[in-house]
Amino acid sequence: MRANSPFSILNSQFFAFIKKEFFHIWRDKSTLFILLGMPVAQIIIFGFALTNEVKNAKFAVLDQSKDVATQQLITEMDASRYFDLSKNLTSYKQIEEEFKKGTVKLAVVFPPNFNEDLQHFNKAQVQLVADASDPNVANTLTNYASNIIGDYQKRVTGNRELPYTITTEMRMLYNPQLKGAFNFVPGVMAMVLLLVCTMMTAITIVKEKEMGTMEIMLVSPMRPQLVVFAKAVPYLLLSIINISTILLLSYFVLEMPINGSLVLLVGESILFTLVSLSLGLLISAGAASQQAAMFISLIALFLPTIMLSGFMFPVENMPIPMQVVSKIAPASWYYSIVKSVMIKGIGLHAIWKETLVLAGMMVFFLTLAIKKFKIRLA
Amino acid sequence: MPADKVILVEGLTKRFGDFTAVDHISFEVSRGEIFGFLGANGAGKTTAMRMLCGLSMPSSGKARVAGFDIYKENEKIKKNIGYMSQKFSLYDDLTVKENMRFYGGIYGKSDVFIKDKTKTILEQLHLTAEGDKLVGSLPLGWKQKLAFSVAIFHEPEIVFLDEPTGGVDPVTRREFWNLIYEASASGITVFVTTHYMDEAEYCKRVSIMVDGRIDALDTPANLKLILGAESMDEVFLKLARKATRVES
């Protein structure tokens, strides 16, 4: 009995190829471990080690007033989980000395007669001096300190009518606790998918070229397009496992909500995976060796994903040419889709443009890849 | 067209820009024949072979392989030929049986066919005990014989061998040629390129390519007679010395 109908032949070719591909992946345990372990490691590193939140920062106080109000304020700051009082200073000069030693990050200066001013003139001044050699930390610390002082002021003046006040009330929509996870989970997703799909497909196809097995396949009746698709399937499945791992970890461990539709989120992720796969195929068509394939994937895709997708640095602040480059990187579109669906909980009607761009990119890369693949035959 | 001519080539040419790699070659190969395709490095034999296998598009000329036109019926040709390249082309991280399963699969063969054929080949090669071992763990000589068996796994009409015995010891080469004889006896046409002149003696007919053209084509015995040479080595040297093309 032979498989004779065109469909069953296609089927047997396709499954024989996919099976072989799974053997490759399964038998290369170290690569498999990296592929599946990477998302876990990244979520843990970004979730627990790399955070913009500052805790228990050491601060110094120059209290020239030494009254009830300043004492209360200092105690309150010391008691908060953001600050630890490390030193009481006696002169301005000491502030810079402390900063130079690097022992404190922030100094709080109370002028003489702080409480009196506050009670009688309804107006008192506090000076916050921050070590801005690290601007991000300085900014965060002064914000925290202002908030603590603001809270205190509200309590003191709460029972009194002030003639004219404008109180600003801030609400941080979608991320009230300003958790870093909201920013990096979508970034990690983009990074992991790109790495698994683009780099691994590029490398494995180039490997077949190097080994000479690709030639055997081109001589066989298996169509080149089928080779391309069969190569992509195992990595698509691996990516679906990775997407699940990331979402489960971020939901249960990092307590990040999934406000939008899960189906939409997974669907968009699969679309992005397909874009990455097509890119990998395209790279493999151009690269001559496995190393070349790896370097092209890393430099052309990985770096723009990290630097320009908005995951690490806001795109809005970049010079125009960089913003254009960022728009070319598929990851930046996916990043904004994931943020919209996961955090803001919006539906397809609001992200159809991004989705369309990704779909267009996929078609473009795939057509180019298959075309380049065919040219090798001529 | 005579039915027993499985390869018919007429004026086949391949140009890369100004360079003519294969220059109007013409020959015929009969069914079941072992046809030696000789030539120095850069003489154009690999390019000619790649055109016949459908890996490379000819610039001009005509050719039919297994009864099909190489321009229009490429897909049909692919089903009826086997190919073994200079590079060892089995997967080291797959077992012997898995490799056969894979190559049988991409030729669209049924599970039953693959199972039977795998058993037959393993018995023929005395490798039944090694069926579940990774190919990477086998000695090179075994791998080479295995690669040949896999190239004719789907029972093609013609098998193209591109320097199949490179880097193999003389004993294994002899065994390898026994496999080629067996294949030929079962009706498979063997088209083989080689550097080894003792192997040329094993062929029924040989062609010798010089500078992209076929300079001589006959049985080894006739070639020696015509050129007044003692051995195929001498035949080859006499012809190849005329080459003006510098190996790049």
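Just so we're clear, the structure is a prediction, and the values are computed from it rather than from any experiment.

Quick notes on the overall build of chain A
And then number 1: Scanning chain A from terminus to terminus reveals 14 helices and four strands.
And then number 2: Relative to the 2.2 N^0.38 estimate, which gives 21 Å for 378 residues, the radius of gyration of chain A is 29 Å and therefore markedly larger than a compact globule would have.
And then number 3: A principal-axis box enclosing the C-alpha atoms of chain A has dimensions of 100 × 45 × 40 Å.
And then number 4: Put simply, chain A has 378 residues, and 46% of those count as buried.
And then number 5: Counting contacts in chain A only where the partners sit at least 6 residues apart, residues at least 24 apart contribute 78% of the total.
And then number 6: Total accessible area on chain A is roughly 20000 Å²; 63% of this is exposed by carbon and sulfur atoms.
And then number 7: The distance from the centre of the 32 positive side-chain charges to the centre of the 25 negative ones in chain A is 15 Å.

Digging into the overall build of chain B
And then number 1: Per the secondary structure count, chain B includes nine helices and 10 strands.
And then number 2: Radius of gyration (C-alpha) of chain B: 18 Å, near the 18 Å computed for a compact globule of 248 residues.
And then number 3: Principal-axis analysis of the C-alpha atoms gives chain B an extent of 50 × 40 × 35 Å.
And then number 4: Partitioning the contacts of chain B with sequence separation of at least 6, the portion at a separation of at least 24 is 68%.

Quick look at the sheet that holds strand 4 (residues 60-65) of chain B
Adjacent strands of a sheet form backbone hydrogen bonds with each other and so pair up, either parallel or antiparallel.
Residue and element names in this part refer to chain B.
And then number 1: The four strands lie next to each other as 2-1-4-5, forming an open sheet whose pairing is antiparallel. Unpaired on one side and paired on the other, strand 2 (19-30) and strand 5 (68-69) mark the two borders of the sheet.
And then number 2: Relative to strand 2, strand 1 (residues 5-16) is paired through eight bridges, and the arrangement is antiparallel. Across the sheet, residue K5 finds its bridge partner in strand 2, namely S30.
And then number 3: Along the sheet, helix 1 (residues 45-53) makes contact with strand 1, strand 2 and strand 4, crossing strand 1 at roughly 120 degrees.

Some words on the domain arrangement of chain A
And then number 1: Taken as a whole, chain A is organised into domain 1 (6-50 + 180-375) and domain 2 (57-157).
And then number 2: The distance between the C-alpha centroids of domain 1 of chain A and domain 2 of chain A comes to 49 Å.

Re the packing of aromatic side chains
And then number 1: Using the criterion set out here, one finds 22 aromatic pairs over all chains in the structure.
And then number 2: Seen in terms of ring centroids, A:F110 and A:F114 are 5.1 Å apart; in terms of plane orientation they differ by 75 degrees. Their pairing is edge-to-face. Like A:F110, the residue A:F114 is buried in the burial classification.
And then number 3: Residue placement shows B:R173 over the ring face of B:Y196; its charged tip is 3.7 Å from the ring centre.

Considering the sheet that holds strand 3 (residues 106-110) of chain A
Residues and elements named next belong to chain A.
And then number 1: One open sheet holds the four strands; their spatial order is 2-1-3-4, and the pairing between them is mixed. Every other strand in the sheet has two partners, leaving strand 2 (83-89) and strand 4 (127-130) as the edge strands with one partner each. Between one strand axis and the next, the sheet turns by 25 degrees as a mean value, whatever way the strands run.
And then number 2: Pairing of strand 3 with strand 4, which is carried by four bridges, proceeds in the antiparallel orientation. The residue of strand 4 that forms the bridge with L106 is A130.
And then number 3: Sheet contacts for helix 3 (residues 68-79): strand 1 (57-63), strand 2 and strand 3; angle to strand 1, the most-contacted strand, approximately 175 degrees.

Section: helix 5 (residues 140-151) of chain B
All names here are of chain B.
And then number 1: Between its first and last C-alpha atoms helix 5 spans 16 Å; for 12 residues at 1.5 Å apiece the expected length is 16 Å, and the two agree.
And then number 2: Burial runs high along helix 5: 10 of the 12 residues are buried.
And then number 3: Within helix 5, burial applies to G141, K143, Q144, K145, L146, A147, F148, S149, V150 and A151.
And then number 4: Against the buried residues of helix 5 lie strand 6 (81-84), helix 3 (96-106), helix 4 (111-124), strand 7 (158-162) and helix 6 (170-185).

Focus: the nonpolar core
When a protein is soluble and globular, its nonpolar side chains tend to lie buried together.
And then number 1: Within the largest apolar cluster, 162 residues are counted, with the highest numbers of intra-cluster contacts made by A:V185, B:I7, B:F27, B:L52, B:F148, B:F160 and B:F191.
And then number 2: The residues touching B:L52, leaving out its near neighbours within four places in the chain, are B:I7, B:V9, B:L12, B:F27, B:A63, B:V65, B:I70, B:I77, B:F160 and B:F191.
And then number 3: Of all hydrophobic cores here, the second largest spans 20 residues; its members include A:V54, A:A69, A:M77 and A:I148.

Conventions used here
- Residues numbered from 1 in each chain as written.
- Chains lettered and ligands numbered in written order.
- Predicted model: local features only at pLDDT ≥ 70, side-chain atom pairs only at ≥ 80, totals over all residues.
- Heavy atoms only, no water.
- Helix = DSSP H or I, 4+ residues; strand = E, 2+ residues; numbered from the N terminus.
- Rg over C-alpha atoms; globule rule 2.2 N^0.38 Å.
- Buried < 20%, exposed > 50% of the residue type's maximum accessible area, 1.4 Å probe, protein only.
- Contact = heavy atoms within 4.5 Å.
- Areas by Shrake-Rupley, 256 points an atom, 1.4 Å probe, with all protein chains shown as cover.
- Lys, Arg positive; Asp, Glu negative; His and termini not counted.
- Charge placed at Lys NZ, Arg CZ, Asp CG, Glu CD.
- Pairing = 2+ DSSP bridges.
- Axes fitted to C-alpha atoms, helices over the stretch in contact; angles between N-to-C directions.
- Domains from an automatic or database assignment.
- Phe/Tyr/Trp six-rings, centres within 6.5 Å; stacked < 30°, edge-to-face > 60°.
- Lys NZ or Arg CZ within 6 Å of the ring centre and 35° of its normal.
- Expected span 1.5 Å × (residues − 1).
- Core = buried A, V, L, I, M, F, W, Y, C linked by side-chain atoms within 4.5 Å.

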